Amino acid sequence: MSNRLFDTDLASDLEFLTARARAVGSARANARLESLDLKVRSYAVLALACSDVNPSQRELADFLSLDASQIVALVDGLEKRGLVLRESDPRDRRSNVIKPTNAGRELAEQAATQARLAEEESLKTLTATEREQLRDFLSRIAFDA
């Protein structure tokens, strides 16, 4: 990568830096998840389905900041692979909750390991304290909307 652009104003812009960090991290995670036939978004849906909170498709869309049609496509793909099931939401029969199958839980465990390895690679230059600070800062930004 050319170092000539590092001294530009854009290179210190926080929105640019967070977008670039996300792109770099997602690329690393996608590379690690590829052997499991998952990408970051499908892994996120599967992981949340395995969280035992029985998320609805609407909750998934809101939490992941994705359009409802994107969630439908992601759930369709996981469902076709036998990794998740749609069930009527007992809180609202017009909506579905997403639940994992046993195969989904097993794959989610493998994927979580790969996601942690990708995170480790992305954060290798940070100390443990800096990692926790970053996690705290990003959580405050992401969930204080």
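In this text, all values refer to a predicted model and were calculated from it rather than measured experimentally.

Cut-offs used in this document
Throughout, a residue's number is its position along its own chain's written sequence, starting from 1. Owing to the predicted nature of the model, reporting of local features is limited to residues with pLDDT of at least 70; listing and counting of side-chain atom pairs is limited to 80 or more, with chain, interface and lining totals taken over all residues. Processing note: side-chain calculations cover all non-hydrogen atoms of the structure and skip hydrogens and water entirely. Where helices and strands are cited, they refer to DSSP runs of H or I of at least four residues and of E of at least two residues respectively, numbered from the N terminus. Between the first and last residue of a helix there are one fewer steps than residues, each counted as 1.5 Å, and that sum is the expected span. When checking whether two residues touch, look at their non-hydrogen atoms; a contact exists if any pair is within 4.5 Å. In this analysis the probe radius is 1.4 Å and the grid spacing 1 Å, with only protein atoms considered; a cavity is a set of points the probe fits into but cannot get out of, a pocket is an open set with protein on both sides within 12 Å along at least five of seven lines, and lining residues have an atom within 4 Å of a point. Grid points are joined across faces, edges and corners, and a volume is the space filled by probe spheres set on the points. Residues were grouped as follows: Ala, Val, Leu, Ile, Met, Phe, Trp, Tyr, Cys and Pro as nonpolar; Asp, Glu, Lys and Arg as charged; and all remaining residues, including Gly, as polar. Exposure is judged per residue with a 1.4 Å probe applied to protein chains only, and the accessible area is read against the type maximum: over 50% gives exposed, under 20% gives buried, and values in between give partly exposed.

## Observations regarding helix 4 (residues 68–80)
Thinking step 1. Compared with an ideal rise of 1.5 Å per residue, which puts 13 residues at 18 Å, helix 4 spans 18 Å between its outermost C-alpha atoms and is within 8% of the ideal.
Thinking step 2. Turning to helix 4, the residues buried within the fold contact helix 2 (40–49), helix 3 (57–64), strand 1 (84–89) and strand 2 (92–100).
Thinking step 3. Following helix 4 by one or two positions, G82 has its phi on the positive side, about 75°.

## Let's talk about the layout of surface pockets
Thinking step 1. The computed volume of the largest pocket comes to approximately 2200 Å³.
Thinking step 2. If you trace the largest pocket, you find 43 residues lining it, with A21, R22, S26, E119 and L138 closest to the centre.
Thinking step 3. Looking at the lining of the largest pocket, the elements with two or more residues in it are helix 1 (14–33), helix 2, helix 3, helix 5 (102–122) and helix 6 (128–143).
Thinking step 4. Looking at the lining of the largest pocket element by element, the count peaks at 15 residues for helix 1.
Thinking step 5. The class makeup of the residues in the lining of the largest pocket is 25 nonpolar, eight polar and 10 charged.

## Here's the deal with unusual backbone geometry
Thinking step 1. Phi is positive for D37, close to 60°, though the residue is something other than glycine.
Thinking step 2. Within the secondary structure, D37 is located in the loop between helix 1 and helix 2.
Thinking step 3. One non-glycine residue, N54, lies in the positive phi region at around 50°.
Thinking step 4. Tracing the sequence through the fold places N54 in the loop between helix 2 and helix 3.
Thinking step 5. Here N54 falls in the partly exposed class, since its relative accessible area comes to 28%.

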